[in-house]
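# Observations on the model geometry
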Amino acid sequence: MAVAQQISETNPWHTAQHQFDEAADMLKLDPGLRVILREVQREFTCHFPVQMDDGSVRCYTGYRVQHNINRGPAKGGLRFHPDVSLDEVKALAMWMTWKCAVVNIPYGGAKGGVIVDPRKLSPSELEHLTRRFATEISILVGPDRDIPAPDVGTNAQVMAWFMDTISMHKGYSVPATVTGKPVEVGGSLGRTDATGRGVMICTLAALEHLGLKPFGAKVVVQGFGNVGSVSARLLEEAGCTVIAVSEDYGGIYNPHGLPIRKLIEHRAREGTLKDFPGIEVISNDDLLRLECDVLVPAALENQITSRNAGEIRAKLIVEGANGPTTPGGDEILHRRKIFLVPDILANAGGVTVSYFEWVQDLQSFFWSEHEINQRLETIMQRSFREVLAIMKEKQVDLRLAAYLLAVRRVSEATAERGIYP
Ligand code: GLU
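So, how was this worked out
Residues numbered from 1 in each chain as written. Predicted model: local features only at pLDDT ≥ 70, side-chain atom pairs only at ≥ 80, totals over all residues. Heavy atoms only, no water. Near = heavy atom within 4 Å. Polar contact = N/O pair within 3.5 Å; in protein donor to acceptor, adjacent residues only side chain to side chain. Helix = DSSP H or I, 4+ residues; strand = E, 2+ residues; numbered from the N terminus. Nonpolar A, V, L, I, M, F, W, Y, C, P; charged D, E, K, R; others polar. Axes fitted to C-alpha atoms, helices over the stretch in contact; angles between N-to-C directions. Parallel < 35°, antiparallel > 145°, perpendicular 65-115°, else oblique. Contact = heavy atoms within 4.5 Å. Salt bridge = Lys/Arg side-chain N within 4 Å of Asp/Glu carboxyl O. Buried < 20%, exposed > 50% of the residue type's maximum accessible area, 1.4 Å probe, protein only. Core = buried A, V, L, I, M, F, W, Y, C linked by side-chain atoms within 4.5 Å. Disulfide = S-S within 2.5 Å. 1 Å grid on protein atoms, 1.4 Å probe; cavity = no way out; pocket = protein on both sides within 12 Å on 5 of 7 lines; lining within 4 Å. Points joined across faces, edges and corners; volume = space filled by probe spheres on them. Pairing = 2+ DSSP bridges. Expected span 1.5 Å × (residues − 1).

With that settled, the discussion passes to the site of the ligand. Among the 14 residues in the neighbourhood of the ligand, the closest are listed as Lys75, Lys99, Pro150, Asp151 and Ser354. One nitrogen or oxygen atom from the side chain of Lys111 is found 2.9 Å from an oxygen atom belonging to the ligand. Note that an oxygen atom of the ligand is positioned 3.1 Å from one of the side-chain N or O atoms of Arg191. Elements that contribute at least two residues to the shell around the ligand include exactly helix 3 (86-102) and helix 12 (349-363). Considering each element in turn, the shell around the ligand owes the most residues, 3 residues, to helix 12. The residue makeup of the shell around the ligand, split by class, is 4 nonpolar, 5 polar and 5 charged.

One can describe the packing of helix 1 (residues 12-27) onto helix 14 (residues 398-417) by two numbers: an axis separation of 9 Å at closest approach and a directional angle of 70 degrees. Classified by the interaxial angle, the pair formed by helix 1 and helix 14 is roughly perpendicular. Facing helix 1, whose interface residues are Gln19, Phe20, Glu22, Ala23, Met26 and Leu27, helix 14 presents Arg399, Leu400, Tyr403, Leu404, Val407 and Arg408. Partitioned by chemical class, the residues of the contact of helix 1 with helix 14 number 8 nonpolar, 1 polar and 3 charged.

Glancing now at the pattern of salt bridges. Going through the model one piece at a time under the given rule, you end up with 34 salt bridges. Salt-bridge contacts for Glu247 lead to Arg267; the nearest nitrogen and oxygen are separated by 2.4 Å. In this pair, Glu247 is assigned in strand 8 (residues 241-247) and Arg267 in helix 8 (residues 260-270), connecting sequence segments 20 residues apart. For Arg399, the salt bridge identified is with Asp330, shortest N-O distance 2.6 Å. Here the residue Arg399 occupies a position in helix 14, and Asp330 occupies one in helix 10 (residues 327-335), the gap between them amounting to 69 residues. Each member of the pair, Arg399 as well as Asp330, carries the same accessibility label: buried. The network of salt bridges with shared partners includes Arg79, Glu88, Lys111, Asp151 and Glu301.

Among the nonpolar cores identified, the biggest contains 92 residues, and Trp98, Val245 and Val341 are the most heavily contacted of them. The element best represented in this core is helix 3, accounting for 11 residues. Within the second largest apolar cluster, 23 residues are counted, among which are Leu129, Phe133, Met159 and Ile166.

A few words now on the state of the cysteines. One pass over the full model with this rule turns up 0 disulfides. In this model Cys46 remains outside any disulfide bridge; the closest cysteine sulfur is found in Cys59, 9.3 Å from its own. Looking at Cys292, it has no disulfide partner, and the nearest cysteine sulfur is the one in Cys240, 11 Å off.

Turning next to empty space enclosed by the protein. What the rule picks out here adds up to 1 cavity of 30 Å³ or more. The space that makes up the largest cavity amounts to roughly 40 Å³. Residue lining of the largest cavity: Asp285, Leu288, Arg289, Arg307, Asn308, Glu311 and Ile312, and that is the complete set.

Read from one edge to the other, the open sheet built from 7 strands follows the order 10-9-8-7-11-12-13, with strand pairing classed as mixed. Because the sheet does not close on itself, it has two edges, and the strands there are strand 10 (280-282) and strand 13 (339-341). Across the sheet, the mean angle separating the axes of adjacent strands is 25 degrees when strand polarity is ignored. The pairing of strand 7 (residues 218-222) with strand 8 spans 4 bridges and is parallel. Directly across from Lys218, in strand 8, lies its bridge partner Thr241.

Here we come to the layout of surface pockets. In this structure, the second largest pocket spans a volume of roughly 360 Å³. Going through the elements one at a time, helix 1, helix 10 and helix 14 are the ones with two or more residues in the lining of the second largest pocket. In the lining of the second largest pocket, the residues fall into 5 nonpolar, 8 polar and 6 charged.

Turning our eyes to something else, we now look at unusual backbone geometry. Going from Tyr420 to Pro421, the amide bond is cis rather than trans, its omega being 10 degrees. Within the secondary structure, Pro421 sits in the segment after helix 14. Located in the positive-phi region is Asn104, a residue other than glycine, with phi close to 60 degrees. One can find Asn104 in the loop between helix 3 and strand 5 (108-115). The exposure class assigned to Asn104 is partly exposed, which follows from its relative accessible area of 40%.

Helix length check: helix 7 (residues 226-237), at 12 residues, gives a terminal C-alpha distance of 17 Å against a target of 16 Å (1.5 Å per residue), a fit within 8%. For helix 7, the buried fraction is high: 9 of the 12 residues fall into the buried class. Within the span of helix 7, buried status applies to Val227, Gly228, Ser229, Val230, Ser231, Ala232, Arg233, Leu234 and Leu235. Those residues of helix 7 that are buried lie in contact with helix 6 (191-210), strand 7, strand 8, helix 8 and strand 11 (291-297). Backbone geometry just after helix 7 places Gly239 at a positive phi near 110 degrees.

Its place among the elements puts Ile372 in helix 13 (residues 369-394). Its relative accessible area of 0% is what places Ile372 among the buried residues. Taking the C-alpha atoms as reference points, Ile372 and Asn68, 304 residues apart in sequence, are found 27 Å from one another. Leaving out residues up to four positions away in the same chain, Ile372 has contacts with Ser188, Leu189, Val353, Phe356, Gln360 and Trp367.

Below, the structure is given as structure tokens:
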């Protein structure tokens, strides 16, 4: 007897499949295409040893998943986090497929991860783990096959080690192997800020749609990693007042506004925001419930759920993170008419500049930062307009509109290529 799948609100893979199903239903997607796109194409698991500084050996588990590669090579980041699981990586890979399709860049979707807390490793242990994981997944990656990038818990340095490892195996440098590298080794100008810049562009476009002005708009940002801190800084530069930001223990709050640049400097120096003068420390739950114009969840999945969506007091939510809202949360927000810019549009600035980096590496011809930011802005604004038009035409929320666009593009490519053999 078949056992019914236990659907869990906080399992990201169930969320991703639910979101896809809604779009597939509305598009009346061919049943054959539906079974193809509802599953990932490849999922790879490895268990590998790393020698610690004290000489002991630990075994780590890592994954690389490719959801769909019909529109181009697989693309997506590598996450180093203790809560990584295969279901999470599968969801993140599927979301990458839709994200690349929403902004219409020629990539399929992938994601990778290792179950590890990188903050508990020394720099040399982190390097050894990265180089061994790169070797384990090297059978999948390459500039025309699958191109990793940074995600939660990884950064430009990790990408440099990754690129060096693959290049050492080849015997020559292959910079287009990964994106998000340091500029000195073939990285792109503007890549570090790209996801936050895309969040800022989407926020301004959404505020305009809602008839609100950026000047003085109150913004709350959950997460102060690469996406959260850059989003906060660029929104402040655009005239908004950022009243709260958070780290994993909770948040800091000042109703009159926080000095974001100083917070970024403080955090780089002290490693935390907690002891910054003139602020109030609040819990993560309270941060999400603050009254504000814009809420930017830029941390992890499952932050806005059926449990707390009724208490959100933002007019606009812009998803800097992947999967911060569950379908249960979405339903409540939609009913409460809170406007939400979904992850697959809002945080697509990162992979868009990753695409620019890859193109520059393949041509060994590099662009100015101004050129990169301009091209990014053009793509983000065009994508926002396209999704908004679908929202109006079909009378759906912006997430479903983005899915309708993405699933249509990917299913057309999949159908046109046909089923091999
Ligand atoms: N990890 C980022 C994301 O979730 C960037 C992926 C990439 O640049 O390939 O979009």
